[in-house]
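Descriptive analysis of the structure
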Amino acid sequence: MITIGQLARYVGVSIKTIRVYHDKGLLPEPERDASGYRRYGANDVIDLIKIRTLAEAGVPLARIRELRAATAEDYEQALQEIDDELTARIRSIRAVQKRLHRLATGQPAPLPTEVGAHLEHLADWGFSRRWVELQRDLWILVFATHPDRAITLFHDQVQSLSDPALRQLFLDYDHAHDLVPDDPRISDLARRIVEATRHRYGSDEPPELDATSEIPALIQGTVNASSPAWQRLDTLIRAQLKT
């Protein structure tokens, strides 16, 4: 027979925890011996190990008390359910861990392989590093918030860039970053972009995210904030598309 202190050390819990288990009705409190000490036996050690294991698995104390009184069949079924929940939690934690690793390497969210390959092509076509990094961040945002629509928008951009004339417009947009807002080249570029957009889509609307989504405005706001010239270009394009 052992004391409460020895029981606590053997199982790896505190004496206070054991007393809580006594108070909650999880672990029967033994009678005191002639010396006034409570003595615990092997069954108490086994029972306490079971309780500790369930508690570490996140099972509420009230539920553990119910399981202590359950039939062998119900107890086994409950353990399986707890195991399934743990498996799901482990999967979720591993997913979070992967996201943390991506944050550490400067990649806050995964992108489809074809998007990564496309971003590499941008540099080969002469787009600035600034543009490539901006496109990467924006596609991360789109794929994270609208995975069902993101691939359609991505393929639309890929198709646009496969046309040398349209690709040149994107390049001109990129290179306009450092122009002053009232540079006449900004107005000319806006006109050419509007003409190309109308020629490509006609009376149809270009592919877009959910009409109620705030992401497009957030994306355009991010682009505009990086360059006064780009902000001016966006203003001109919007005005001309309305006429």
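Before reading on, note that the structure itself is shown above.
Remember, it's a predicted structure, so these values are computed and weren't measured experimentally. (Residues numbered from 1 in each chain as written. Predicted model: local features only at pLDDT ≥ 70, side-chain atom pairs only at ≥ 80, totals over all residues. Heavy atoms only, no water.)

**Looking at the overall build of the protein**
- Per the secondary structure count, the protein includes 12 helices and 0 strands.
- Written out in order from the N terminus, the α and β elements of the protein read α-α-α-α-α-α-α-α-α-α-α-α.
- At 32 Å, the protein has a C-alpha radius of gyration far larger than the 18 Å of a compact globule built from 243 residues.
- For the protein, contacts bridging at least 24 residues in sequence account for 63% of all contacts bridging at least 6.
- In the form shown here, the protein has an accessible surface area of approximately 15400 Å², with 53% of it arising from carbon and sulfur atoms. (Helix = DSSP H or I, 4+ residues; strand = E, 2+ residues; numbered from the N terminus. Rg over C-alpha atoms; globule rule 2.2 N^0.38 Å. Contact = heavy atoms within 4.5 Å. Areas by Shrake-Rupley, 256 points an atom, 1.4 Å probe, with all protein chains shown as cover.)

**Concerning the pattern of salt bridges**
- If you walk through the whole model with that rule in mind, you get 15 salt bridges.
- Residue Arg 136 pairs with Asp 137 through a salt bridge whose shortest N-O separation is 2.9 Å.
- Residue class for Arg 136 comes out partly exposed when judged on its relative accessible area of 29%.
- The partner of Arg 200 in a salt bridge is Asp 156, and the shortest N-O contact between them spans 3.2 Å. Highlighted residues: Arg 200 in helix α10 (residues 184-201) and Asp 156 in helix α8 (residues 147-161), separated in sequence by 44 residues.
- Taken together, the shared-partner salt bridges in this structure form one network comprising Asp 172, Asp 188, Arg 191, Arg 192 and Glu 195. (Salt bridge = Lys/Arg side-chain N within 4 Å of Asp/Glu carboxyl O. Buried < 20%, exposed > 50% of the residue type's maximum accessible area, 1.4 Å probe, protein only.)

**Remarks on the environment of Leu 48**
- Relative to the helices and strands, Leu 48 resides in helix α3 (residues 42-56).
- For Leu 48, a relative accessible area of 0% gives the class buried.
- Put simply, Leu 48 and Tyr 21 are 27 residues apart on the chain and 8.8 Å apart in space, counted from C-alpha to C-alpha.
- The contacts of Leu 48, once residues within four sequence positions are left out, are Leu 7, Val 11, Val 13, Ile 18, Tyr 21 and Leu 27.

**Remarks on the packing of aromatic side chains**
- Across all of its chains, the model carries 6 aromatic pairs by this definition.
- Measuring from ring centre to ring centre gives 5.7 Å for Phe 127 and Trp 131, while their planes differ by 20 degrees; the resulting arrangement is stacked.
- Note on Trp 131: relative accessible area 7%, which makes it buried.
- One aromatic cluster in this structure is built from Phe 127, Trp 131, Tyr 173 and Trp 230. (Phe/Tyr/Trp six-rings, centres within 6.5 Å; stacked < 30°, edge-to-face > 60°.)

**Topic: the nonpolar core**
- With 36 residues, the main nonpolar core has Tyr 173 and Leu 233 as its most contacted residues.
- If you list the elements that add at least two residues to this core, you get α6 (113-124), α7 (129-145), α8, α9 (164-175), α10, α11 (215-225) and α12 (228-242).
- Top contributing element to this core by residue count: α7, with 7 residues.
- Once residues within four sequence positions are removed from consideration, Tyr 173 is found in contact with Trp 131, Leu 189, Ile 193, Gln 220, Val 223, Trp 230, Leu 233 and Ile 237.
- Residues Val 13, Ile 18, Leu 27 and Val 45 belong to the second largest nonpolar core, which totals 21 residues. (Core = buried A, V, L, I, M, F, W, Y, C linked by side-chain atoms within 4.5 Å.)

**What to know about the side chain of Ser 227**
- Positionally, Ser 227 belongs in the loop between α11 and α12.
- At 2.7 Å, the side chain of Ser 227 and the backbone oxygen of His 177 are in polar contact.
- Sequence-distant contacts of Ser 227, defined by excluding residues within four places in its chain, comprise Ala 176 and His 177. (Polar contact = N/O pair within 3.5 Å; in protein donor to acceptor, adjacent residues only side chain to side chain.)

**Notes on the environment of Leu 161**
- Counting through the fold element by element, Leu 161 comes out in helix α8.
- Taking relative accessible area as the criterion, Leu 161 reaches 1% and is therefore assigned buried.
- Apart from the residues lying within four places of it in its own chain, the contact partners of Leu 161 are His 118, Leu 122, Trp 125, Phe 127, Arg 167 and Phe 170.

**Focus on the packing of α9 against α10**
- One way to put it is that α9 packs onto α10 with a least axis distance of 11 Å and a crossing angle of 145 degrees. Both α9 and α10 take part in a crossing whose hand is left-handed. Residue-level inspection shows Leu 166, Leu 169, Asp 172 and Tyr 173 of α9 in contact with α10, the latter providing Leu 189, Arg 192, Ile 193, Ala 196 and Arg 200.
- In terms of residue class, the contact of α9 with α10 is built from 6 nonpolar, no polar and 3 charged. (Axes fitted to C-alpha atoms, helices over the stretch in contact; angles between N-to-C directions. Left-handed = near helix turned anticlockwise from the far one by under 90°. Nonpolar A, V, L, I, M, F, W, Y, C, P; charged D, E, K, R; others polar.)

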